[in-house]
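The primary structure of each chain is shown beneath.
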Amino acid sequence: MSSRLKSSVLERPADAVAGGGTAGHPPWRRRWLQPVRALSQRGASWALVDQALVSAFNFLTIYLYARSLDAASFGVLLLAYSGLRLLTALQGAVVVGPHNVLGAAMKGREYKRFTTALIVLQIVVATGVAAILAVAGVIVTYAVSPQYGEIVMVIAIIVWPFVSRDFVRRAFFTRGNSRAATFN
């Protein structure tokens, strides 16, 4: 940081740097806390907690699998999990994205009809994704290894609750209920 910029930041009163209330903190901390406070005032703190929890549990899950599986099995698991994430992204583009964008402006009965239609679509997409993974699991079982096929089949079994939970979670966000989304 240049000395001119550094001195101008350090010489400003606390109220000018961070909007007040942070006089006891160094300038860099006041600048860092300002957007966090703004998010908290808009009710976004639950969304941050939700994202932190989702990321932490995803990391922990992959870490525990990495520690407990041999390298080849872990590789197959990651390929299957990557397929799950890819299909979940497809579901997000076809079902969840339109719900977040279009549903946010809807009210009452219109929102209920729209959400019901997307729930039906969600069931169809989730069932299709599970079927694709199940077929892939059978192919892997006979073409490569029964052990690896089992891993893909487990992913096929968990895909339905995985993508359905994501839909419900994002529907709560659409309605501005980030706390319910966090505890979903």
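Residues numbered from 1 in each chain as written. Predicted model: local features only at pLDDT ≥ 70, side-chain atom pairs only at ≥ 80, totals over all residues. Heavy atoms only, no water.

## Observations concerning the overall build of the protein
Rules: Secondary structure elements are defined from DSSP: runs of H or I of at least 4 residues count as helices, runs of E of at least 2 residues count as strands, and each element is numbered from the N terminus. Throughout this description, buried means an accessible area under 20% of the type-specific maximum (1.4 Å probe, protein chains only), exposed means over 50%, and partly exposed covers the range between. By the convention used here, residues are in contact when the closest approach between their heavy atoms is within 4.5 Å. To be clear on the numbers: accessible area is Shrake-Rupley with a 1.4 Å probe, and residue cover counts the displayed protein chains and nothing else.
Per the secondary structure count, the protein includes 8 helices and 0 strands. Along the protein, helices and strands appear, N-terminal first, in the series α-α-α-α-α-α-α-α. Here the protein holds 184 residues, and 30% of them are scored as buried. Sequence separation of 24 or more characterises 56% of the internal contacts of the protein that already satisfy a separation of 6 or more. Approximately 11600 Å² of the protein is accessible, and the part contributed by carbon and sulfur atoms is 67%.

## Remarks on the nonpolar core
The line we're drawing: To qualify as a nonpolar core, a set must consist of buried Ala, Val, Leu, Ile, Met, Phe, Trp, Tyr and Cys residues joined through side-chain atoms within 4.5 Å.
Judged by nonpolar contacts, the single largest core of 27 residues is most densely connected at Val129, Leu133, Ile155 and Val159. Residue assignment for this core shows that the elements contributing at least two residues are helix H5 (71–103), helix H6 (108–143) and helix H7 (146–174).

## Some thoughts on the packing of aromatic side chains
Stated formally: Stacked, tilted and edge-to-face are the three classes assigned to paired rings of Phe, Tyr and Trp, where Trp is represented by its six-membered ring and a pair needs centres within 6.5 Å; plane angles under 30 degrees give stacked, over 60 edge-to-face, the rest tilted.
Applying the stated criterion across every chain, the model contains 1 aromatic pair. Measuring from centroid to centroid gives 6.2 Å for Phe59 and Tyr63, while their planes differ by 20 degrees, and the two rings are stacked. Here Phe59 pairs with Tyr63, and both are found in helix H4 (residues 45–68), just 4 residues apart, close to one helical turn. The exposed category is assigned to Phe59, whose relative accessible area is 61%.

## Focus: H5
Stated formally: The seven residues ending at a residue and the seven starting there each receive a fitted axis; the angle between those axes is the bend at that residue. Polar contact is the term for a pair of N or O atoms within 3.5 Å; when the atoms are in protein, one must be able to donate a hydrogen and the other to accept it, and sequence-neighboring residues count only if both atoms are side-chain atoms.
The axis of H5 is deflected most strongly, by about 45 degrees, at Gly92. A distance of 3.1 Å separates the backbone nitrogen of Ala72 from a side-chain oxygen at the start of H5, and that oxygen is part of Asp70.

Geometric descriptors of this kind do not, in isolation, establish any biological role.
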